[in-house]
Amino acid sequence: MIILTGGQWGKNRYEEVAEFIRKAREVQIPVSAICGAAVFLGKHGFLDNVKHTGNDLKRFQSEPEYKGQEFFIPAQAVADQGFITANDTAALEFAREIFRVLKIDTDEEMDEWYNEFKHGAVR
């Protein structure tokens, strides 16, 4: 899996990273992106026909190349067609979707992990 961390992806086009992702997707390697990295994917056409999320639809739309408006979902994290996207406040949900794709545990164990970290060990 390729994991793209958030940050200031808008300062550069990072064409070499986009090409790397294109090649990875050709061989079905999943890609995950949070915050600004999700916008990067949108700017390069990866999310044109993929359900996705991010900080704000307006941020995606500020990129002239972005064409995935109808697939944007206002959610913490979204997984679809080999892509995982998340907004900047969704580190836990982002990790959960990554764990699900990588099948690191059973669904029940991942739900237990998520609930403990989301709500705390002491309730």
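Structure shown above.
Residues numbered from 1 in each chain as written. Predicted model: local features only at pLDDT ≥ 70, side-chain atom pairs only at ≥ 80, totals over all residues. Heavy atoms only, no water.

**Quick word on the sheet that holds strand E3 (residues 77-80)**
Line of reasoning, step 1. Ordered by their spatial adjacency, four strands build an open sheet running E1-E2-E4-E3, and the pairing between neighbours is mixed. The open sheet has two edge strands, strand E1 (2-4) and E3, and neither has a second partner. Adjacent strand axes in the sheet meet at a mean angle of 10 degrees when their direction is disregarded.
Line of reasoning, step 2. Packed onto the sheet, helix H1 (residues 15-26) meets E1, strand E2 (31-34) and strand E4 (83-86) and runs at close to 145 degrees relative to E1. (Pairing = 2+ DSSP bridges. Helix = DSSP H or I, 4+ residues; strand = E, 2+ residues; numbered from the N terminus. Axes fitted to C-alpha atoms, helices over the stretch in contact; angles between N-to-C directions. Contact = heavy atoms within 4.5 Å.)

**Quick notes on the pairing of E3**
Line of reasoning, step 1. Relative to E4, E3 runs antiparallel, the two being bridged by four bridges. The residue bridging Ala 79 from the neighbouring strand is Ile 84, located in E4.
Line of reasoning, step 2. Turn length for the E3-E4 hairpin, with the two strands adjacent in sequence and antiparallel, is two residues, and the turn residue Gln 81 shows positive phi of about 55 degrees.

**Considering the environment of Lys 43**
Line of reasoning, step 1. Mapped onto the elements, Lys 43 comes out in helix H2 (residues 36-43).
Line of reasoning, step 2. Once the C-alpha coordinates of Lys 43 and Arg 22 are considered, the two residues, 21 residues apart in sequence, prove to be 13 Å apart.
Line of reasoning, step 3. When residues no more than four places from it in sequence are discounted, the contact partners of Lys 43 are Trp 9, Gly 10, Asn 12, Arg 13, Glu 63 and Glu 65.

**As for a negative patch on the surface**
Line of reasoning, step 1. Together, Asp 105, Asp 107, Glu 108, Glu 109, Glu 112 and Glu 116 give the surface a local cluster of negative charge.
Line of reasoning, step 2. Among the secondary structure elements, Glu 116 is positioned in helix H5 (residues 107-119). (Patch = residues over 30% accessible without salt bridge, like charges linked within 9 Å, V, L, I, M, F, W, Y side chains within 5 Å. Areas by Shrake-Rupley, 256 points an atom, 1.4 Å probe, with all protein chains shown as cover. Salt bridge = Lys/Arg side-chain N within 4 Å of Asp/Glu carboxyl O. Lys, Arg positive; Asp, Glu negative; His and termini not counted. Charge placed at Lys NZ, Arg CZ, Asp CG, Glu CD.)

**A word on the packing of aromatic side chains**
Line of reasoning, step 1. As enumerated under the stated definition, the model contains seven aromatic pairs in all.
Line of reasoning, step 2. Aromatic side chains Phe 46 and Phe 83 sit 6.1 Å apart centroid to centroid with 45 degrees between the ring planes, which places their arrangement in the tilted category. In this pair, Phe 46 is assigned in the loop between H2 and helix H3 (57-61) and Phe 83 in strand E4, connecting sequence segments 37 residues apart. Each member of the pair, Phe 46 as well as Phe 83, is classed as buried.
Line of reasoning, step 3. The interplanar angle of 65 degrees and the centroid separation of 5.0 Å between the aromatic rings of Phe 99 and Trp 113 together place this pair among those described as edge-to-face. Separated by 14 residues along the polypeptide, Phe 99 in helix H4 (residues 91-102) and Trp 113 in helix H5 bring together distant segments of the chain.
Line of reasoning, step 4. For Phe 99, a relative accessible area of 24% gives the class partly exposed.
Line of reasoning, step 5. Here Trp 113 falls in the partly exposed class, since its relative accessible area comes to 26%.
Line of reasoning, step 6. Here the aromatic cluster, defined as three or more aromatic residues joined through ring pairs, consists of Trp 9, Tyr 14 and Phe 40.
Line of reasoning, step 7. One cation-aromatic arrangement involves Arg 25 over Phe 83; the distance from NZ or CZ to the ring centre is 5.0 Å. (Phe/Tyr/Trp six-rings, centres within 6.5 Å; stacked < 30°, edge-to-face > 60°. Buried < 20%, exposed > 50% of the residue type's maximum accessible area, 1.4 Å probe, protein only. Lys NZ or Arg CZ within 6 Å of the ring centre and 35° of its normal.)

**Quick look at the nonpolar core**
Line of reasoning, step 1. Ranked by internal contacts, the top residues of the largest apolar core, which has 20 residues, are Leu 4, Ile 21, Val 31, Phe 40, Leu 41, Phe 60 and Phe 83.
Line of reasoning, step 2. Elements supplying a minimum of two residues to this core: E1, H1, E2 and H2.
Line of reasoning, step 3. With five residues, H2 is the largest single contributor of residues to this core.
Line of reasoning, step 4. Beyond its immediate chain neighbours, meaning those up to four positions away, Phe 40 contacts Leu 4, Trp 9, Arg 13, Tyr 14, Val 17, Ala 18 and Ile 21.
Line of reasoning, step 5. Residues Ile 34, Cys 35, Ala 90 and Phe 94 belong to the second largest nonpolar core, which totals eight residues. (Core = buried A, V, L, I, M, F, W, Y, C linked by side-chain atoms within 4.5 Å.)

Note that all results are geometric; they support no functional claim without further evidence.
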